[in-house]
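Close look at the chain arrangement
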Amino acid sequence: MRLTVYKKMMLGFGVIIVIVVISSAYLVLELSAVSEKTRTILEAKVASQKIARQIKGLVQDEISYAQKYKIANDPTYLSLFSETGRQVDKHLTRLMATRSSGPEKELIQGILSSHGTFIQGVGSLDRKFEQEKMEGIITALDRLIRESQSGIGEEMARIESISAQSVKVALLLIAGSLFAAFSAAFIIARTITKPIGE
C-alpha cells in the first residue's frame, strides 16, 4: 500500500499530536500527585505541629497556675489550672486523631498519661515530682514538634523527587515529539521533492 502525501502528512502530524497529548496528560497527573502531597503536608504535618505548639504554651500556663495555686492556695488559680488542663487534654486528643500509628502516637499517649498523672496529683505531689513530670511533658512536646518538622522535610524531599522525575519524563516526551516532528517533516519533504528530482 502506497501512502499519498496527504496520508503521510496526516500520519506524521497525528503521531506528533498523540505524543503531545500523552506528555501533557502525564504532566497533569504528576502535578496532581505533587499537589496532593502538598495538601497532605499542609493538613497533617503542619496542623499537628501547630497543635503541639499550642499544647506546649498551654502546658506552660498550666505549670504557672499550679505553682501559683501551691503558693497562694487561691481557688481561682486552681480553677484556671483545671480549665487549662481540660484544654490540654482536648488538644492532645485532637492531636492523637491526626496520627494513625507509629512512634508519634505512642509519644502522644505518653504525654496524655503523664499529663493525667500531673493533674490528679497537683495538690498532693511534691514540687520536685511535679516539675520532673512537667519537664518530661514539655520535652516530649518538643520532640513531637521536631519529628513533625522532620516529617515535613521528608515529604518536601519526596515532592522534589516527584517533580524532578516529572521534568525528566516531560523532557524525554518533548524530545520524542521533536524527533517525530523532524521525522515527519523530513518524510513529507522527501516525498514532495523526490518526484520533482526525477
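Residues numbered from 1 in each chain as written. Predicted model: local features only at pLDDT ≥ 70, side-chain atom pairs only at ≥ 80, totals over all residues. Heavy atoms only, no water.

Let us now look at the overall build of the chain. In terms of helices and strands, the chain carries 4 helices and 0 strands. N-terminal to C-terminal, the α/β element order of the chain is α-α-α-α. For the chain, buried positions account for 28% of its 198 residues. Sequence separation of 24 or more characterises 77% of the internal contacts of the chain that already satisfy a separation of 6 or more. Taken as a whole, the chain presents about 12400 Å² of accessible surface, with 63% of it coming from carbon and sulfur. (Helix = DSSP H or I, 4+ residues; strand = E, 2+ residues; numbered from the N terminus. Buried < 20%, exposed > 50% of the residue type's maximum accessible area, 1.4 Å probe, protein only. Contact = heavy atoms within 4.5 Å. Areas by Shrake-Rupley, 256 points an atom, 1.4 Å probe, with all protein chains shown as cover.)

Now for the nonpolar core. For soluble globular proteins, nonpolar side chains are generally found buried alongside one another. One finds Ile55, Val59, Leu95 and Ile111 to be the most contacted residues of the largest nonpolar core, which totals 23 residues. Elements supplying a minimum of two residues to this core: helix H1 (5-72), helix H2 (75-97), helix H3 (103-120) and helix H4 (127-197). In this view, Val59 contacts Val88, Met134, Ile137, Ile138 and Leu141; residues no more than four positions away in its chain are not counted. Counting residues in each nonpolar core, the second largest holds 5 residues, with Val34, Ile41, Ile159 and Ile162 among its members. (Core = buried A, V, L, I, M, F, W, Y, C linked by side-chain atoms within 4.5 Å.)

The phi angle at Asn73 is positive, at roughly 55°, despite the residue not being glycine. Counting through the fold element by element, Asn73 comes out in the loop between H1 and H2. Assessed through its relative accessible area of 56%, Asn73 is described here as exposed.

A surface patch of nonpolar side chains, amounting to about 520 Å² of accessible area, comprises Val167, Leu171, Ile174, Leu178 and Phe182. For Ile174, the location among the structural elements is in helix H4. Judged by its relative accessible area of 45%, Ile174 is partly exposed. (Patch = residues over 30% accessible without salt bridge, like charges linked within 9 Å, V, L, I, M, F, W, Y side chains within 5 Å. Salt bridge = Lys/Arg side-chain N within 4 Å of Asp/Glu carboxyl O.)

The next thing to look at is the environment of Val28. Looking at the element boundaries, Val28 is found in helix H1. Spatially, the C-alpha atom of Val28 lies 9.6 Å from that of Ser166, the residues being 138 residues apart in sequence.

On to the packing of H2 against H3. The geometry of H2 relative to H3 is characterised by a closest axis approach of 10 Å and an angle of 165° between their N-to-C directions. The orientation of H2 with respect to H3, classified from their angle, is roughly antiparallel. Two packed elements cross with a definite hand, and for H2 against H3 that hand is left-handed. When H2 is examined against H3, the residues Phe81, Gly85, Val88, Asp89, Leu92, Leu95 and Met96 are found in contact with a partner set consisting of Lys105, Ile108, Gln109, Ile111, Leu112, His115, Phe118 and Ile119. Across the contact of H2 with H3, the residue classes tally to 10 nonpolar, 3 polar and 2 charged. (Axes fitted to C-alpha atoms, helices over the stretch in contact; angles between N-to-C directions. Parallel < 35°, antiparallel > 145°, perpendicular 65-115°, else oblique. Left-handed = near helix turned anticlockwise from the far one by under 90°. Nonpolar A, V, L, I, M, F, W, Y, C, P; charged D, E, K, R; others polar.)

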